[in-house]
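Fold and geometry: a report
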Amino acid sequence: MKVLLVNGSPHQKGSTYTSLMEVSRTLEEEGIGTDLFWVGIKPLAGCLGCGKCAEKNQCVFKDRVNEFLDIAADYNGFIFGSPVHWGASSGQIKCFMDRAFFADFNGNGGRFALKPAAVVVCARRAGITATIDQLNKYFALCQMPIISARYWNGVHGLNAEDVVHDLEGMQDMRFLARNMAYFLKCREAADKAGIPLPKQEEVTFTNFIR
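Presented here is an overview of the structure given in this document. None of the values given here were measured: they were computed from a predicted structure.

Some thoughts on the overall build of the protein
Within the protein, the regular secondary structure consists of seven helices and six strands. Projected onto its principal axes, the C-alpha coordinates of the protein cover approximately 50 × 45 × 25 Å. Within the protein, buried positions represent 49% of all 210 residues. Accessible surface computed for the protein: about 10,900 Å², of which carbon and sulfur atoms make up 54%. Distance between charge centres in the protein, computed from 23 positive and 22 negative side chains, equals 3 Å.

Side note on the packing of aromatic side chains
Within the structure shown, the criterion is met by 14 aromatic pairs. An angle of 40° between the planes, with centres 5.6 Å apart, marks the rings of phenylalanine 101 and tyrosine 138 as tilted. Here phenylalanine 101, found in helix H4 (residues 91–106), pairs with tyrosine 138, found in helix H5 (residues 128–141); they are 37 residues apart in sequence, far enough to count as distant. A ring pair is formed by tyrosine 151 and tryptophan 152, whose centres lie 6.0 Å apart and whose planes are at 55°; its orientation type is tilted. The class for tryptophan 152 is partly exposed, based on a relative accessible area of 46%. Among the aromatic residues, those joined into a ring-pair cluster are Phe37, Phe68, Phe78, Phe80, Phe96, Phe101, Phe112, Tyr138 and Phe139. Note that arginine 64 overlies the ring of phenylalanine 37, its terminal NZ or CZ placed 4.1 Å from the centroid.

Points about the packing of helix H3 (residues 64–72) against H4
Viewed as axis vectors pointing N to C, H3 and H4 meet at an angle of 45°, and their least axial separation amounts to 10 Å. The angle between H3 and H4 places the two elements in the oblique class. When the axes of H3 and H4 are compared, the crossing they make is right-handed. Counted together, Arg64, Val65, Phe68 and Leu69 of H3 and Phe96, Arg99, Ala100 and Ala103 of H4 form the full contact between these two elements. For the contact of H3 with H4, the residue count by class is six nonpolar, no polar and two charged.

Regarding the packing of H4 against H5
It is at 11 Å that the axes of H4 and H5 come closest, and there the two elements cross at 10°. As judged from the angle between their axes, H4 and H5 are roughly parallel. Together, Lys94, Met97, Asp98, Phe101 and Phe105 of H4 and Gln134, Leu135, Tyr138, Phe139 and Leu141 of H5 make up the contact between the two elements. Of the residues that constitute the contact of H4 with H5, the class distribution is seven nonpolar, one polar and two charged.

Describing the pairing of strand S3 (residues 77–85)
Across the nine residues of S3, eight count as buried, placing the element largely inside the fold. In this sheet, strand S5 (residues 117–123) lies alongside S3 in parallel orientation, the contact comprising six bridges. Its bridge partner lying in S5, phenylalanine 80 is registered against valine 119.

Let's talk about the nonpolar core
What tends to happen in soluble globular proteins is that the nonpolar side chains get buried as a cluster. One finds Phe68, Phe78, Phe80 and Phe96 to be the most contacted residues of the largest nonpolar core, which totals 35 residues. Contributing elements (two or more residues each) for this core: strand S1 (2–7), H3, S3, H4, S5 and H5. For this core, the leading source of residues is H4, giving eight residues. Aside from chain neighbours lying at most four places away, what touches phenylalanine 80 is Val6, Phe68, Ile93, Phe96, Met97, Phe101, Ala118, Val119, Val120 and Phe139.

Definitions and cut-offs
- Along each chain, residues carry numbers from 1 onward, in the same order as the chain's sequence is written.
- With the structure being a predicted model, the display of local features is reserved for residues of pLDDT at least 70 and the display and counting of side-chain atom pairs for 80 or more, all residues being used for whole-chain, interface and lining totals.
- No hydrogens and no water enter the side-chain calculation; it runs on all heavy atoms of the structure.
- Helix and strand labels come from DSSP, where a helix needs a run of H or I of at least four residues and a strand needs a run of E of at least two; each type is numbered from the N terminus.
- Throughout this description, buried means an accessible area under 20% of the type-specific maximum (1.4 Å probe, protein chains only), exposed means over 50%, and partly exposed covers the range between.
- Note on areas: Shrake-Rupley with a 1.4 Å probe; residue coverage comes only from the protein chains shown.
- Charged-residue counts in this description rest on Lys and Arg as positive and Asp and Glu as negative, His and the chain ends being excluded.
- In plain terms, the charge of a residue is placed at NZ if it is Lys, CZ if Arg, CG if Asp and CD if Glu.
- Stacked, tilted and edge-to-face are the three classes assigned to paired rings of Phe, Tyr and Trp, where Trp is represented by its six-membered ring and a pair needs centres within 6.5 Å; plane angles under 30 degrees give stacked, over 60 edge-to-face, the rest tilted.
- Note on criteria: charge over ring means Lys NZ or Arg CZ within 6 Å of the ring centre, with the direction from the centre no more than 35 degrees off the ring normal.
- Axis lines are fitted through C-alpha atoms, for helices just across the contact stretch, and the angle between N-to-C directions can take any value from 0 to 180 degrees.
- Oblique is the label for every angle not falling under 35 degrees (roughly parallel), over 145 degrees (roughly antiparallel), or within 65 to 115 degrees (roughly perpendicular).
- By definition, any crossing whose near helix is turned counterclockwise from its far helix by less than a right angle is left-handed, and any crossing with a clockwise turn is right-handed.
- Should any heavy atoms of two residues lie within 4.5 Å, those residues are counted as being in contact.
- Throughout this entry, Asp, Glu, Lys and Arg are counted as charged residues, while Ala, Val, Leu, Ile, Met, Phe, Trp, Tyr, Cys and Pro are counted as nonpolar. The remaining residues, Gly among them, count as polar.
- Strand pairing is defined by DSSP finding a minimum of two bridges between the two strands.
- Put simply, buried Ala, Val, Leu, Ile, Met, Phe, Trp, Tyr and Cys residues joined by side-chain atoms within 4.5 Å make one nonpolar core.

Right under this line is the structure:
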């Protein structure tokens with residue numbers, strides 16, 4: 001079993017990375033493999049609502065979104081990390097998730113359905129809960145069980161050095177990882193026991209309003 005950690009910060013090894021690495025270490029201790037995917041710093045356009053993903057099961061833009069979609073099916077769970085920018089998620093991760101989740105949903109890709117997911121948010125001072133609420137909506141739309149910690153999945157600090165001193169935040173990262181590991185092990189046990197996944201129905205519309 002493997003979890004993909006998605007770093008949506010423009011800083012490759014900043015506070016968001018540091019938080020995700022605490023999650024990664026704990027998942028590895030629990031026997032769950034991890035990989036890290038950095039969204040990067042190249043500009044990402046938002047979704048144009050062109051609907052071409054219904055035909056291609058990918059986005060028409062050839063960038064990090066499609067690179068992510070190419071590997072997403074190989075993972076059993078996902079954790080998306082974002083810093084707080086202006087009281088919400090980074091613009092980079094917002095555009096990235098808009099297009100990745102819409103392309104999969106609209107193209108009936110099935111890369112995410114019923115796989116557990118979570119958000120990790122880093123803030124200097126405030127905005128964590130608003131960003132968690134904002135990004136959790138992608139998971140709810142795609143039938144993904146949302147994994148929580150013991151408090152909000154967030155850490156406080158201006159940079160990586162500050163974040164490691166947020167002891168409560170680091171502890172929440174470990175709670176989150178253990179809860180994710182437990183869910184994945186339960187899912188594996190259910191598969192071995194022959195418990196079927198929930199019945200699916202064909203959606204009653206082909207794509208979202210444009």
